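# Per-entry structural report
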Amino acid sequence: MNVQRVRGWIALLCCSVSTLVGASVVTAQSLDSKQLSQMVTIHRDQWGVPHIMGPTDECVVFGMGYAQAEDYFWQLEDTTIRGLGRYAEVAGSSGIEDDLLNRAFEVVPRSQSDYESLAEEQRLLLAAFANGINWFLERHPETPTRLLTRFEPWMVLAIDRHLLLDFTYGRTHAGAPQALFDTDPLLSTTSRLTPLGQAAQDAIGSNAWAIGPPKTADGHSMLLINPHQPWFGWGQFYEAHLHSQETIRFSGACFFGMPIPAIGHNEHLGWTYTVNTPDNADAWEMVFDSSEDPLAYRYDDGHQQAVEWRDALGILIDGQVEQRWVTFRKTHLGPLVKRIDSTTYLSANVAGVFDTSRLTQAIGMVRAKNLDEWKSAIGHCALPMFNVAYADDAGNILYLYNGSIPIRDPAYNWRKPVDGTRSATQWQGRHSLVELPQLLNPKCGYVQNCNTSPFNTTLDENPDRSAFPSYMFEDADHQKRRAQLSRKLLGELSKVTFDQFSRLALDSRLYWPSVQLPEYQRELEKLSQTQPELADRIQPYLDHLLAWNCISSNDSTQTTLCVTWYEELHEGIYPGETLKSEYEGDVPKQLLALSKAAEVLKSIHGDWKVPWGDVHRLQRIPNKADVEAAAVAFNSLSRSLPCPGAPGPLGVVFTVYSTPSVPVLRAARYAIVGSCYVGVVEFGDRIRAASAVQFGAIANTKSAHYFDQAELFSQQQLKPAWFYPD
């Protein structure tokens, strides 16, 4: 493999399709890793981002596998272990819940079987990706591994399906899967999330914008790609550019273990996702009432037969992996995940997770040259969830409420388990693309979604809520300040340049104080008439905030006070846009909370005027499975940088969530969730793009690219994201 580390681009080394295996047909079984390695070139730009180039689609996907393994094998293996339902083998009892979910849905055997049924071209691509990982391991036997020594092509399907289950299973409202037929106390799991872990999970989201020619200086559409995921663990994004002389020319980002970026752009069009909550999962009450056959469950006027099997779960206990056998059972509606009483259980299912056309959809989207081709590809509706924002070089912009949403009988309440003994509650197919909320080329010139209702995409032009079944959505009424701010910013844009749009991608103005501070000023004036001593106590703190432009920055002491006050007033870390009950309707008490926030800051930092950048820090901790593990390791002795981003509930584009300050032990707050990949694309005659990730492209602590992009985040800057090899 030719790996080049250069500043910017150099000419592509000569590669010829004649280097393929003779002229014979290549199959997944006959892929030759050595020959693939000789065909592909990985250019490393000045930020260490891999630009993977070669004559065939297979060789660039091979390079993608190699590059991911080279850049962060620990995370690639960690994500894969989760996808295989073997996480308890490395994480101990904390991994049991993950593994029970995986095994109940038979992720591994179904992925192994489904891989064999894929089209040969798709098997080739997945095999090439796995071969790239294995080629790295063969060439670098010193690489530490915890469990896996070889990757198989079907594992890509397993990773994809497990991650989607992680995103969507909660919408079954069935609770965590349980070991229902075994008495081993070790298998009796409860949620392993700490309050910090739960807050981090709740904070997952994204910003997605697309603006059309009427808004831009050069008459080109532009796209903002901005997922908000955990900065530690499987949610991290990997940036890469694949450039094949065949059909795959795509730049963007994806989770580790994926062979092609999931969000990004080709030379004609691009898209991004934000988390939505379609009602795409259900649970059914199943009654096993036969005294003669424990596997018979009632269905309409008779009974059907459940399937039961046993599976061995490995669990790390005192340094050794011990096996525990678990009994699973499934009905035609899905696996049993919870016992209600001695005869009643819940079956659960999530639509679309095991749809084998998802790879066809993904490849078709990457290869699409125009809106019609792209819509034809995404029309499979094989991706269970995610809002989509799209833009292209023809000037089109589109918002789509995407999902694999079952067609159901609207007479039932699908927000809770329904009666599984009746065929009337069975899914009746899937809603097609044209039946989903969408908005193409609105007159206002923009679309946005920041994890809010599809019916609040713009200020005035939105899909008609009455045109869709109410059971489709769990987020139809969701509204967030990030979306309110986005609509304001985008609505005001006029003749915006690429550089101006890029700066907006990490904009740190705060919506909540800009709206609320004038109101609190009026309320304090009223309070001074009735409770002058209380008003005098609050006045200096509110004056400090009123002298502020409501922009979060590293040197802003007002940001620190505002965030602390806001968190005192509101429930939780995220969504955190609801006042605590003790403050509801009590404005004097809300103002007094400002004084309380100042006292908290003084007790922790010695002063209530503390620059936000001194408090709010970026620090990279390698090889941590989740934000909870990283939070334990953060420390003031290791290198960190100031972070001007702020929590999303205040209404901010540059969204960053952090650990709380710990008095005496650790005064600083360390970033753990939020803007983890930021990409901006302009679709002109030639693509222009800029991007950044929160830390750096490479996880090796000795690499110059371990923490170099954190400096960009700290300064609210993006780097060039090169697309052409000239």
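See the structure shown above.
Throughout what follows, the structure given in this document is the object of discussion. (Residues numbered from 1 in each chain as written. Predicted model: local features only at pLDDT ≥ 70, side-chain atom pairs only at ≥ 80, totals over all residues. Heavy atoms only, no water.)

### Description of the nonpolar core
For the record, the criterion: We call a set of buried Ala, Val, Leu, Ile, Met, Phe, Trp, Tyr and Cys residues a nonpolar core when their side-chain atoms join them within 4.5 Å. Per-residue accessibility, obtained with a 1.4 Å probe over protein chains only, is compared with the maximum for each type, and a residue is labelled buried under 20%, exposed over 50%, and partly exposed between these values. Counting from the N terminus, the helices are DSSP H or I runs at least four residues long and the strands are E runs at least two residues long. The contact rule is simple, with two residues in contact once any of their heavy atoms fall within 4.5 Å.
Counting 205 residues, the largest nonpolar core has Trp374 and Phe501 as the members making the most contacts within it. A per-element tally of this core places helix H2 (residues 57-83) first, with 13 residues. Setting aside residues no more than four positions away along its own chain, Trp374 makes contact with Leu269, Trp271, Met365, Ala368, Val388, Tyr390 and Leu398. Counting 32 residues, the second-largest nonpolar core is a separate cluster that includes Tyr520, Leu527, Trp548 and Val652.

### What to know about the packing of helix H14 (residues 532-546) against helix H16 (residues 587-605)
Rules: Axis definition: a line fitted to C-alpha atoms, limited for helices to the stretch in contact. Angles are taken between N-to-C directions and run from 0 to 180 degrees. Each angle gets one of four labels, with under 35 degrees taken as roughly parallel, over 145 as roughly antiparallel, 65 to 115 as roughly perpendicular, and the rest as oblique. Three classes are used: nonpolar for Ala, Val, Leu, Ile, Met, Phe, Trp, Tyr, Cys and Pro, charged for Asp, Glu, Lys and Arg, and polar for all others, with Gly counted as polar.
Their axes nearest at 9 Å, the elements H14 and H16 cross at an angle of 70°. Between H14 and H16, the crossing angle belongs to the class labelled roughly perpendicular. Contacts between H14 and H16 involve Leu534, Arg537, Ile538, Tyr541, Leu542 and Leu545 from the former and Leu591, Leu592, Leu594, Ser595, Ala598 and Glu599 from the latter. Its residues placed into classes, the contact of H14 with H16 shows nine nonpolar, one polar and two charged.

### Some details on the packing of aromatic side chains
Our working rule: Each Phe, Tyr or Trp ring (for Trp, its six-membered ring) is paired with any other whose centre lies within 6.5 Å, and the angle between the two planes then decides the class: stacked below 30 degrees, edge-to-face above 60, tilted in between. We call a charge positioned over a ring when the NZ of a Lys or the CZ of an Arg lies within 6 Å of the ring centre and within 35 degrees of the ring normal.
By the definition in use, this model includes 38 aromatic pairs. Between Tyr66 and Phe136, the ring centres sit 5.5 Å apart and the planes meet at 85°, which makes this aromatic pair edge-to-face. Highlighted residues: Tyr66 in helix H2 and Phe136 in helix H6 (residues 120-139), separated in sequence by 70 residues. Like Tyr66, the residue Phe136 is buried in the burial classification. Ring centres of Tyr238 and Phe256 lie 5.2 Å apart, and the angle between their planes is 55°; this geometry places the pair in the tilted category. Of the two residues, Tyr238 is situated in strand E6 (residues 237-244) and Phe256 in the loop between strand E7 (249-255) and strand E8 (263-265); the sequence distance between them amounts to 18 residues. As far as burial versus exposure is concerned, Tyr238 and Phe256 are alike and both buried. Taken together, the aromatic side chains of Trp231, Phe232, Phe634, Phe654, Tyr670, Phe695, Phe707 and Phe713 make up a single cluster linked through ring pairs. The ring centre of Trp135 lies 3.5 Å from the NZ or CZ of Arg139, which sits over that ring. Positioned above the aromatic ring of Tyr72 is the side chain of Arg620, whose terminal nitrogen or guanidinium carbon lies 5.8 Å from the ring centre.

### Some words on the side chain of Thr327
You can see Thr327 is positioned in strand E14 (residues 320-331). When neighbours within four sequence positions are excluded, Thr327 is seen to be in contact with Phe181, Asp182, Glu308, Trp309 and Arg310.

### Looking at the pairing of E7
Operational definition: Following DSSP output, two strands are said to pair if at least two bridges run between them.
The element E7 is largely enclosed, with a buried count of six among its seven residues. For E6 and E7, the ladder comprises seven bridges, and the chain directions are antiparallel. Following the sheet pairing, Ala240 is matched in E7 by Gly252. Between E6 and the antiparallel strand that follows it, E7, lie four residues. Sheet analysis places E7 next to E8, joined by three bridges and oriented antiparallel. Across the sheet, residue Ser251 finds its bridge partner in E8, namely His265.

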